[in-house]
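Structural features, examined
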Amino acid sequence: MITYILLFNPKSLKFSDLSYILKSNKSKTVLSLFEDKDGNIWIGTYGQGVIIYNPKTKQIKSILSESNASGTVTKIIQDKNGMIWIGTYANGLYSVIPNSLVIKNYTTKNGLPSDKIYSIYENKKFWIATSNGLNYFDFEKKEFKAYFEKDGLANSYIYDVLPDRKGNLWLPTNSGLTRFNPNMKNENGNAFKNYNTKD
């Protein structure tokens, strides 16, 4: 967990201390960092939401800071359409329109099997690692679909989604590592291959 923020300049090989940004927020612990297409820095904190920092104007904004449930941010990404997506530890998934900061919350009430989000990854689909399965969001149907242990996962507790050059998704779980081919039809779990200490 980060208790300060440093900006590294690869040309000068020097660091700039940006910890003053955290003074606008009660949290001193940073769990995630993301730079959007416009150069804004999104800072996900423990228990106090997201700080949005504009390096050009030095402007600082805060969102999702009203409670610990929504305020503990585990992952931030921006999709191909420019929407910001924020995963939280206890209150599901948020979509944020960057310019207007219009926010929408997705939870188990919207079809997510768990409100505990660990990671988000987008390729042809929008993948979400949760404490209860690997999920993907169908943008056309506006619904969540999921894979669980019964479908072939080593365990339904998924910590991350990591792609490889062949198009596979690698999933660290509570019971080892799963390799998933999302392009293969999953018949009898053949789209999944699991690895543990015995391999």
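The rules behind these values
Residues numbered from 1 in each chain as written. Predicted model: local features only at pLDDT ≥ 70, side-chain atom pairs only at ≥ 80, totals over all residues. Heavy atoms only, no water. Helix = DSSP H or I, 4+ residues; strand = E, 2+ residues; numbered from the N terminus. Buried < 20%, exposed > 50% of the residue type's maximum accessible area, 1.4 Å probe, protein only. Contact = heavy atoms within 4.5 Å. Pairing = 2+ DSSP bridges. Axes fitted to C-alpha atoms, helices over the stretch in contact; angles between N-to-C directions.

1. Details of the environment of Pro113
Take Pro113: it is sitting in the loop between strand S10 (103-106) and strand S11 (117-122). A relative accessible area of 24% places Pro113 in the partly exposed class. Setting aside its immediate chain neighbours within four residues, Pro113 contacts Thr108, Asn132, Asn135, Ala146 and Phe148.

2. Here we look at the sheet that holds strand S13 (residues 133-138)
Taken in spatial order, the 4 strands line up as S11-S12-S13-S14 in an open sheet, and their pairing is antiparallel. Here the strands that pair on one side only, and so sit at the sheet edges, are S11 and strand S14 (143-147). Adjacent strand axes in the sheet meet at a mean angle of 25° when their direction is disregarded. Across 5 bridges, the pairing between strand S12 (residues 126-130) and S13 is antiparallel. Looking across to S13, one finds that Phe126 is bridged to Phe137.

3. Topic: the pairing of strand S6 (residues 60-63)
One ladder, built from 4 bridges, connects strand S5 (residues 50-53) with S6; its direction is antiparallel. Looking at the pairing, Val50 lines up with Ile63 of S6. What sits between S5 and S6 in their antiparallel hairpin is a turn of 6 residues, with Lys58 showing a positive phi close to 65°.

4. Remarks on the environment of Ile117
Here Ile117 is to be found in strand S11. Take Ile117: its relative accessible area is 0%, and that puts it in the buried class. The sequence separation of Ile117 and Tyr89 amounts to 28 residues, and the corresponding C-alpha distance is 5.6 Å. Those residues in contact with Ile117 that sit more than four places away from it in its chain are Thr74, Gly87, Thr88, Gly92, Leu93, Leu112, Ile128, Ala129 and Thr130.

5. Quick look at the sheet that holds strand S17 (residues 176-180)
Read from one edge of the open sheet, 4 strands run S15-S16-S17-S18, paired in antiparallel fashion. Each edge of the open sheet carries a strand with a single partner, namely strand S15 (162-163) and strand S18 (192-195). Bridging between S17 and S18 involves 4 bridges; their strand directions are antiparallel. Bridge pairing in S18 links Thr178 to Asn194.

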